[in-house]
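Here's the letter readout for the chains.
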Amino acid sequence: MTQSDHRPGTLIPGGAVFPHRHLTGIEGLEPHEITFLLDEADTWVEANRTRAAPDRRLAGSTQINAFFENSTRTLLSFEIAGKRLGADVVNMHAAQSSVKKGETLIDTAQTLNAMRADVIVIRHMSSGAVRLIADKVDCPVLNAGDGRHEHPTQALLDALTIRRRLGGIAHKRVVICGDLLHSRVARSNILALTALAAEVRVCAPSTLMPPAIERFGVTAFTDFDRAMEGADVVMMLRLQTERMEGGYVPSSREYHLRYGLTLERLAKHAPGALIMHPGPMNRGVEIDSAVADHAEQSAITEQVEMGVAVRMACLDVLTRRARGVEGWA
Ligand code: CP
């Protein structure tokens, strides 16, 4: 089964269809569907800033956030997003769940389903786990990051940040540098940004470069300085040591020398570029504090803000059909 399941779709104003029942990845989304979610998210940014007119469109709905892996930003922003829309939000952490007692993923999925949630948000350490749960439950499922596979709402919030800061995404040169091999953020960003016609460059040591990554429509570099030339956006990724077995880089210090984003490197190769990082950051390894905290160029806290808006949009859109919203099949 594909991500969409091809169930009756949600109507996009203008007649196109958003047919996806779940959001398990950016893969399978059409460019106009990505743009649609960004447009929807954009409408929540100002509302979140002013909080002038509370909107409780998910009142009476139950949202379960089932997190089998640690998270700060994604968990909190999904919780805030659901609550701002009036949903009853319940968080399930793996450390306190029966997963620790040996419960299988299928049994967990069936348990979540029996509780008749209206929407389930899942983070899991295994690639494909979210899809597996989505196939077992009756409500929409949102992927909050699964293993090395995808992190679709991160890519959407990154795209929204770029679009708002630079006025568009098409033809912007975006450099994604870091541990590409273990990164679901990189994969989802590559899919989203290339779909929206950005020029995407990826950069990593050869040990952290996925084989044949060019098939995703990106240009691969092992030389960070060359990759950065003329960049509009530089997106840094951390070394994901929790997903590594053995050593992929000689040392953090060596890695910083070749791939760390410093003020000097930025000024020399991409002086006006927007600086992004999905977090959590390892300051002094992939990014220096002076860059991460750059008053004009760093968009890192803005990314977090956009995360709430994007997650509100996704929760709203994916539950419209079940809520019987007029005009949405
Ligand atoms: N960017 C991101 O997914 O952060 P968390 O792991 O804190 O959710």
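Structure shown above.
Residues numbered from 1 in each chain as written. Predicted model: local features only at pLDDT ≥ 70, side-chain atom pairs only at ≥ 80, totals over all residues. Heavy atoms only, no water.

Turning our attention to the pairing of strand β5 (residues 119-124). Most of β5 is tucked away: 6 of the 6 residues are buried. Side-chain alternation along β5 places V119, V121 and R123 on one buried face and I120, I122 and H124 on a second face that is also buried. As defined by bridge partners, strand β3 (residues 62-67) adjoins β5 across 5 bridges and the pair is classed as parallel. In the sheet register, A66 faces β5, and the bridge partner there is I122. Of the pairings in the sheet, the one linking β5 to strand β6 (residues 141-146) comprises 4 bridges and is parallel in character. Looking at β6, one finds that I122 is bridged to N143. Once you follow β5 into helix α4 (residues 129-134) and on to β6, the crossover reads as right-handed. (Buried < 20%, exposed > 50% of the residue type's maximum accessible area, 1.4 Å probe, protein only. Helix = DSSP H or I, 4+ residues; strand = E, 2+ residues; numbered from the N terminus. Pairing = 2+ DSSP bridges. Right-handed = clockwise from strand over helix to strand, strands pointing away.)

What helix α3 (residues 105-114) keeps buried is the set T108, A109, L112 and N113. For α3, the angular spread of buried residues about the axis comes to 135°, placing them on one side. Against the buried residues of α3 lie β3, β4 (88-93), β5 and α4. Immediately downstream of α3, the backbone of R116 shows phi near 55°, a positive value. (Arc of directions from axis to C-beta. Contact = heavy atoms within 4.5 Å.)

Between helix α5 (residues 152-166) and helix α6 (residues 184-195), the shortest axis-to-axis distance is 8 Å and the interhelical angle comes to 50°. On the basis of their axis angle, the class for α5 and α6 is oblique. In the crossing of α5 with α6, the sense of the turn from one axis to the other is right-handed. The residues of α6 that touch α5, namely those facing P152, Q154, A155, D158 and I162, are V185, S188, N189, A192 and L193. Class assignment of the residues belonging to the contact of α5 with α6 gives a composition of 6 nonpolar, 3 polar and 1 charged. (Axes fitted to C-alpha atoms, helices over the stretch in contact; angles between N-to-C directions. Parallel < 35°, antiparallel > 145°, perpendicular 65-115°, else oblique. Left-handed = near helix turned anticlockwise from the far one by under 90°. Nonpolar A, V, L, I, M, F, W, Y, C, P; charged D, E, K, R; others polar.)

Our focus in this paragraph is the site of the ligand. Around the ligand, a shell composed of S71, T72, R73, T74, R123, H151, Q154, P278 and G279 is seen. For the ligand, a nitrogen atom lies 2.9 Å from a polar atom in the backbone of P278. Backbone polar atom of G279 to a nitrogen atom of the ligand: 3.2 Å apart, as the coordinates give it. In isolation the ligand offers 260 Å² of accessible surface; the protein chains occlude 92% of this area. Of the residues belonging to the shell around the ligand, the class tally is 1 nonpolar, 6 polar and 2 charged. (Near = heavy atom within 4 Å. Polar contact = N/O pair within 3.5 Å; in protein donor to acceptor, adjacent residues only side chain to side chain. Areas by Shrake-Rupley, 256 points an atom, 1.4 Å probe, with all protein chains shown as cover.)

In this fold, E302 is placed in helix α11 (residues 300-323). Among the residues examined, E302 registers a relative accessible area of 18% and is labelled buried. A polar contact of 2.9 Å, which involves the side chain of E302, links it to the side chain of R165. Excluding residues within four positions of it along the chain, E302 makes contact with T161 and R165.

The subject of this paragraph is the packing of helix α2 (residues 73-84) against α11. One way to put it is that α2 packs onto α11 with a least axis distance of 8 Å and a crossing angle of 55°. Classed by the angle they form, the pair α2 and α11 counts as oblique. Judged by the sense of rotation from one axis to the other, the crossing of α2 with α11 is right-handed. Contacts between α2 and α11 involve R73, T74, S77, F78, I80, A81, G82 and R84 on the former and, on the latter, V304, G307, V308, R311, M312 and L315. The class makeup of the residues in the contact of α2 with α11 is 7 nonpolar, 4 polar and 3 charged.

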